[in-house]
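# Geometric and topological summary
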Amino acid sequence: MTQVEDGTDDHQWTRWTGPTLTLNTGPEYDFEQCNGHYMYLEANNANQGDTAKLESPTFMAIKKRNVCHISFAFHMCGDNGMGTLNVSVKDTVSVKDTVIFSTLGNQGMSWCNKHLTVGSNQAPNDFKFVFTAIRGSSNKSDIAIDHIEFGKDCCYRGLPFKPKVSGDCNFDCDTCSWNNLDCDNSNWRRGPSSKCPRGTRQGRSNCRSNVSTTVGHYLYIESGNFFNTRGKGDRAILESPNIQGSSQ
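Before going into details, it helps to say that this report is about the structure given with it. The structure displayed is predicted, hence computed values, not measured ones.

So, on to the pattern of salt bridges. Per the counting criterion, the structure on display carries 3 salt bridges. Here E55 ties to K90 by a salt bridge, and the two come within 3.7 Å at their closest N and O atoms. Of the two residues, E55 is situated in strand β4 (residues 51-55) and K90 in strand β6 (residues 84-91); the sequence distance between them amounts to 35 residues. K90 shares its class with E55; the two are buried. The closest approach of N and O atoms between E55 and K128, which form a salt bridge, is 3.1 Å. Residue E55 is located in strand β4, and its partner K128 is located in strand β9 (residues 127-134); the two are separated by 73 residues in the primary sequence. Of the two residues, E55 and K128, both sit in the buried class. Counted as one network, the salt bridges with shared partners bring together E55, K90 and K128.

With antiparallel pairing, the 5 strands of this open sheet are ordered in space as β2-β3-β10-β5-β8. Each end of this open sheet is capped by a strand with a single partner; those strands are β2 (14-16) and β8 (112-119). Averaged over all pairs of adjacent strands, the angle between their axes in this sheet comes to 35°, without regard to strand direction. The pairing of strand β5 (residues 67-75) with β8 spans 8 bridges and is classified as antiparallel. Within the sheet, the bridge partner assigned to F74 lies in β8 and is C112.

What makes a disulfide is a covalent bond joining the sulfur atoms belonging to two cysteines. Inspection of every chain in the model, using the stated rule, returns 1 disulfide. Residue pairing for C68: its cysteine sulfur links by disulfide to C154, the two sulfurs lying 1.9 Å apart. Every disulfide takes its handedness from the sign of the S-S torsion; for C68 and C154 that torsion is 100°, giving right-handed. Here C154 lies in the loop between β10 (143-150) and β11 (179-180) and C68 lies in strand β5, a separation of 86 residues in the sequence. Residues C68 and C154 agree in their burial class; the two are buried. Unpaired in this structure, C77 has its nearest cysteine sulfur neighbour in C112, at a distance of 10.0 Å.

Let us now look at the sheet that holds strand β7 (residues 97-104). Read across the open sheet, the 5 strands follow the order β1-β4-β9-β6-β7; overall the sheet is antiparallel. On the outer flanks of this sheet lie β1 (2-3) and β7, each paired with one strand and no other. Where β1 lies against β4, 2 bridges are found, and the strand directions are antiparallel. Bridging across to β4, Q3 finds its partner in L54.

Parameters and conventions
- The residue numbering used here restarts from 1 in each chain and proceeds along that chain's sequence as written.
- Where totals are concerned, whole chains, interfaces and linings use all residues; where local detail is concerned, this predicted model gives features only for residues with pLDDT of at least 70, and gives and counts side-chain atom pairs only at 80 or more.
- For side-chain calculations, the full set of non-hydrogen atoms in the structure is used, while hydrogens and water are omitted.
- Salt bridge, as used here, is a side-chain nitrogen of Lys or Arg placed within 4 Å of a carboxyl oxygen of Asp or Glu.
- Helix and strand definitions here come from DSSP, where helices need a minimum of 4 consecutive H or I residues and strands a minimum of 2 consecutive E residues; each element is numbered from the N-terminal end.
- For the exposure calls, accessible area comes from a 1.4 Å probe over protein chains only, and a residue counts as buried if that area is under 20% of its type's maximum, exposed if over 50%, partly exposed in between.
- For two strands to be treated as a pair, DSSP must find at least two bridges joining them.
- Working convention: axes come from line fits to C-alpha atoms, limited for helices to the stretch in contact. Angles between N-to-C directions cover 0 to 180 degrees.
- Here, a disulfide means two cysteine sulfur atoms that sit within 2.5 Å of each other.

Written out as structure tokens, the structure reads:
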């Protein structure tokens, strides 16, 4: 997550641990109640209506019938002058923000959990999530967020937070640099888990959806169809990307 510095906000989110600087507002600790950190807008340093924006990395456009899940925790404890928290989807082509969640006012002393689902109608192009805190009328209106998680069905544009150094891949977004070789008779294909490969009966017990998500994908070998019949012993070879060796 990165601070937005394009002139559309007034302040920055502050990374913090423990109680905030103003009494009777803000969390006492992070969402997991340990010595971790969270992000918040310090109302004492802002004026009414001032904003702070935090945005995610870029995700790929969502195709029809696919979705992207996001979950997070937020804390809005203060008085009647508490401000507003908005979560929006920012289209990287039109640069338009579509608000998908908004809450205002005092939400109590506890952290709140929120889970959101974004579909293709909200993200037809590459997009980012944007968290916007809007300062209320009181200095007792600290707004905090923590524990932001993106679902495995959200596909990063480029590398996510940590570069991949292993051959792990669930094939939901792409083949993760696993490649078909040209020295065989066939190719592995990437197919959706919502239906069985062609040529396999839907009712068979060994033909099941991906256990983790109904919109996921897997790789399979087409055993044969009307146009292309495979022979016994034909091979499809899949090669992994270069994997970093262990020093241990």
